[in-house]
Amino acid sequence: MTTIRIDSVSRWFGNVVAVNDVTMAIGPGVTGLLGPNGAGKSTLINMMAGFLAPSTGAVTLDGVRIWRNEQVYKHIGLVPEREAMYDFLTGREFVRANAELHGLGRAAAQKALATVEMEYAQNRRIGTYSKGMRQRVKMASALVHEPDVLLLDEPFNGMDPRQRMHLMDLLRSMGAAGRTVLFSSHILEEVEQLAAHIEVVVAGRHAASGDFRKIRRLMTDRPHHYAVRSSDDRALASALIADPSTAGLELDQRDGILHVQAVDFARFTALLPRVARDHGIRLYEVSPSDESLESVFSYLVAA
Amino acid sequence: MLYHPTVARLTQRAVLGRRRALILLLLPALLIVIAIVVRALVGADDEVTAGVLGGFALATMVPLIGVIAGTGAIGPEIDDSSIVYLLAKPVPRPTIILTKLTVAIGITAAFSAVPTLIAGFILGGNGSRLAVAYALAAAVGSVAYAAFFLMLGTISRHAVVFGLVYALVWEALLGSLVEGVQTLSIQQWSLAVGERIGQGGHLVSEVALPVATVLLAVVTVGTTWFAAQRLRSLTLAGEE
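As the structure is a prediction and not an experimental result, all values here were calculated from the model.

A. Focus on the overall build of chain A. In terms of regular secondary structure, chain A is built from 10 helices and 14 strands. Residue burial in chain A is summarised as follows: out of 303 residues, 51% are buried. Put simply, of all contacts in chain A between residues at least 6 apart along the chain, 67% involve residues at least 24 apart. Total accessible area computed for chain A in this model is approximately 13,000 Å², and 50% of it derives from carbon and sulfur atoms. Placing the 34 positive and 35 negative side-chain charges of chain A at their respective mean positions leaves the two points 5 Å apart.

B. Examining the interface of chain A and chain B more closely. At the interface, 35 residues of chain A touch 34 residues of chain B. The largest share of the area that chain A buries against chain B comes from Phe51(A), Tyr86(A) and Leu101(A), three residues that together contribute 25% of it. Between Arg13(B) and Glu93(A) there is a salt bridge; the shortest N-O distance is 3.3 Å. Joining chain A to chain B, the criterion identifies 7 residue pairs in polar contact (both at pLDDT 80 or more). If you list the elements that add at least two residues to the side of chain A that touches chain B, you get α1 (41-48), α2 (91-101) and α4 (131-143) of chain A. In terms of residues, the side of chain A that touches chain B owes the most to one element, α2(A), which gives 6 residues. Tallied by class, the residues present in the side of chain A that touches chain B amount to 16 nonpolar, 9 polar and 10 charged.

C. The pairing of strand β11 (residues 224-230) of chain A, seen in detail. Residue and element names in this part refer to chain A. Most of β11 sits inside the fold, with 5 of its 7 residues counted as buried. Pairing analysis gives 5 bridges linking β11 to strand β13 (residues 257-262), with the strands arranged antiparallel. Paired with valine 228 across the bridge in β13 is leucine 258. Direction of pairing for β11 relative to strand β14 (residues 283-288): antiparallel, over a ladder of 5 bridges. Of the residues in β14, the one forming a bridge with alanine 227 is serine 287.

D. Seen up close, the packing of α4(A) against helix α5 (residues 161-176) of chain A. Residue and element names in this part refer to chain A. Relative to each other, α4 and α5 sit at 15°, their axes nearing to 11 Å. In terms of axis orientation, α4 runs roughly parallel to α5. The interaxial crossing formed by α4 with α5 has left-handed handedness. Across from Gly132, Met133, Arg136, Met139 and Leu143 in α4, the residues of α5 making contact are Gln163, Leu167, Leu170, Leu171 and Met174. Across the contact of α4 with α5, the residue classes break down as 7 nonpolar, 2 polar and 1 charged.

E. How the structure looks around a nonpolar patch on the surface. On the surface, Val160(B), Val161(B), Leu164(B), Val165(B), Leu168(B), Val169(B), Leu173(B), Leu177(B) and Val178(B) cluster together into a nonpolar patch covering about 740 Å² of accessible area. Inspection of the secondary structure puts Leu168(B) in helix α8 (residues 159-177).

F. Focus on the sheet that holds strand β3 (residues 29-34) of chain A. Residue and element names in this part refer to chain A. With mixed pairing, 6 strands are arranged side by side in an open sheet as β6-β7-β8-β3-β9-β10. Here the strands that pair on one side only, and so sit at the sheet edges, are β6 (76-79) and β10 (205-211). Between one strand axis and the next, the sheet turns through 15° on average, direction left out of account. The pairing of β3 with strand β9 (residues 197-202) spans 4 bridges and is classified as parallel. Bridge pairing links threonine 31 to histidine 197 in β9. Strands in contact with α4 are β6 and β7 (149-152); relative to β6, the strand with the most contacts, it is inclined by about 170°. In this fold α5 packs onto β3, β7 and β8 (180-185), with an angle of close to 125° to the strand it touches most, β3.

G. Representation of the domain arrangement of chain A in the model. We note that the domain assignment places domain 1 (4-215) and domain 2 (221-302) within chain A. Summarising the inter-unit geometry, the C-alpha centres of domain 1 of chain A and domain 2 of chain A are found 41 Å apart.

H. Representation of the UniProt feature "transmembrane region" (unreviewed entry) in chain B. Here, UniProt's "transmembrane region" (unreviewed entry) annotation points to residues 21-42, 48-75, 96-124, 130-152, 159-178 and 207-228 of chain B. Between the end C-alpha atoms of residues 96-124 of chain B the distance is 41 Å, and the span holds 100% helix and 0% strand.

I. Highlighting unusual backbone geometry. Residue and element names in this part refer to chain A. Unlike most non-glycine residues, serine 8 shows phi in positive territory, near 45°. Judged by its relative accessible area of 36%, serine 8 is partly exposed. For alanine 203, which is not glycine, the phi torsion reads 50° and is therefore positive. Summarising the element assignment, alanine 203 is placed in the loop between β9 and β10. For alanine 203, a relative accessible area of 58% corresponds to the exposed category.

J. Up close: the pattern of salt bridges. Residue and element names in this part refer to chain A. Going through the model one piece at a time under the given rule, you end up with 15 salt bridges over all chains. Note that lysine 111 is salt-bridged to glutamate 146, the shortest N-O span being 2.5 Å. On the criterion of sequence distance, the pair formed by lysine 111 in helix α3 (residues 106-115) and glutamate 146 in the loop between α4 and β7 is long-range, its members being 35 residues apart. Look at the salt bridges and you will find they share partners, linking Glu83, Asp87 and Arg134 into a network.

K. Layout of the packing of aromatic side chains. Summed over all chains, the structure comprises 10 aromatic pairs over all chains. An angle of 90° between the planes, with centres 6.0 Å apart, marks the rings of Tyr86(A) and Phe88(A) as edge-to-face. Following the ring pairs from residue to residue traces out a cluster consisting of Tyr86(A), Phe88(A), Phe94(A) and Tyr85(B).

L. Spatial organisation of helix α8 (residues 233-241) of chain A. Taken together, the buried positions of α8(A) are occupied by Asp233(A), Leu236(A), Ala237(A), Ala239(A) and Leu240(A). Buried positions along α8(A) lie against β11, β12 (246-252), β13, α9 (265-278) and β14 of chain A.

M. Spotlight on the side chain of Thr90(A). Residue and element names in this part refer to chain A. With respect to the helices, strands and loops of the structure, threonine 90 is situated in the loop between β6 and α2. Given a relative accessible area of 12%, threonine 90 falls into the buried group. Of note is the side chain of threonine 90, whose polar atom sits 3.5 Å from the backbone oxygen of glutamine 122.

About the cut-offs
Residues numbered from 1 in each chain as written. Chains lettered and ligands numbered in written order. Predicted model: local features only at pLDDT ≥ 70, side-chain atom pairs only at ≥ 80, totals over all residues. Heavy atoms only, no water. Helix = DSSP H or I, 4+ residues; strand = E, 2+ residues; numbered from the N terminus. Buried < 20%, exposed > 50% of the residue type's maximum accessible area, 1.4 Å probe, protein only. Contact = heavy atoms within 4.5 Å. Areas by Shrake-Rupley, 256 points an atom, 1.4 Å probe, with all protein chains shown as cover. Lys, Arg positive; Asp, Glu negative; His and termini not counted. Charge placed at Lys NZ, Arg CZ, Asp CG, Glu CD. Buried area = accessible area lost by both parts, 1.4 Å probe. Salt bridge = Lys/Arg side-chain N within 4 Å of Asp/Glu carboxyl O. Polar contact = N/O pair within 3.5 Å; in protein donor to acceptor, adjacent residues only side chain to side chain. Nonpolar A, V, L, I, M, F, W, Y, C, P; charged D, E, K, R; others polar. Pairing = 2+ DSSP bridges. Axes fitted to C-alpha atoms, helices over the stretch in contact; angles between N-to-C directions. Parallel < 35°, antiparallel > 145°, perpendicular 65-115°, else oblique. Left-handed = near helix turned anticlockwise from the far one by under 90°. Patch = residues over 30% accessible without salt bridge, like charges linked within 9 Å, V, L, I, M, F, W, Y side chains within 5 Å. Domains from an automatic or database assignment. UniProt positions renumbered as here; feature names shortened; annotations may be inferred. Phe/Tyr/Trp six-rings, centres within 6.5 Å; stacked < 30°, edge-to-face > 60°.

Structure (structure tokens):
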């Protein structure tokens, strides 16, 4: 049991379409589900975890329907985004209860606690845990039955860098062992560090799929906007427009800023300093003006 | 499998958490105090006993304890979605509901039927078998109340409010003013069961026993079935 298939799935809430005709397959290894906040990542994960019915289409685990089928949880481990847990239990009691619900006992619980390095705090009440500690106990509760498929919704939120690295190592080794690991994130760098395979969703649509280099190239090849201040904006503008890497220019004379739209990222970044040097123009400031994640993602949708 | 000990343990600890346990103890303690005071002032009197047990224990305490235990057995978990940890397991959802119902019934009965029995003995030493009759009615009521309020807990975030409205407005207020309402009242059905045992005509239900028995069974089974269906289709909306 290792492949989750999302087949022509849409999901709407009233008039709002959260997921729009998405088809993807998540197989063994680590997959990153990337997208800005509100893109539909949680909706997708909830459907994969059997906590939401697709409005149309099918979500299956190796051909078996997930919705309303509690037997799939023998193979799925879920790390929800929500913080709420049984705060009145100690970490050990909580993980132990999760093991028992899988028909397992103390040994499985202790092993999972050791895996996430939470043994040192296992006798404290969960209510006293920090966000990172909660995240790790949640992780342990999802690992007790050593599932073939692990689903994690924004697992790195609230973790400090050391905990983040530890969790990344853990997920990497699970992926290498042939398990299916899917995690969502709105942070490109997180996904890039961990996932060989990336699925990008934007505004409920499946925007891109593939290895991260391909996605990265898509992202860097999009039109880039720069704001440039120099000793001679007009001369710089005329020199830049002669090259095909520059698609558009606007001279803001009042503020003394040259707005440049570049199409070939690599070529333009090499061109700009060379042109400036050749024409004896001093560059005071070069800053990208649309690096927000949303604009990066929205370009991907169009691509 | 109809019962899962781990689910029971978690439910019990959640319902009997510190603050809730205090509220659960408050009403029974009040009942016992009232019983002691009344006994000291009036002595043993069947009519007074029936007044206290019927008016306070059965009409007020049992439904309120039922609201706290019934909704508390599942409502807060659904509310903060920590129930995910129970549901993302290969445990049939009806098993989870039946287990939670068992715990809710047990707690409701323990905190309502038992104190009713004790108060009955304090008040009149079980004259006319009133202590046992009302305690039995409370126990029967515990089952139906727990099932009904547990279902409310799976339907609404405001289950406690709806539960209180049912208990205080429907049963207590409308039940005493409008005749037909009493036919649809868990309190009256429970009384019908107690009526069989109590002597001296102090304990009277507006509903006949066969009707009451059928309605109790229908409500208990129906609400439990519905709660299980709700849990089977429990949805976590994306909160992005």
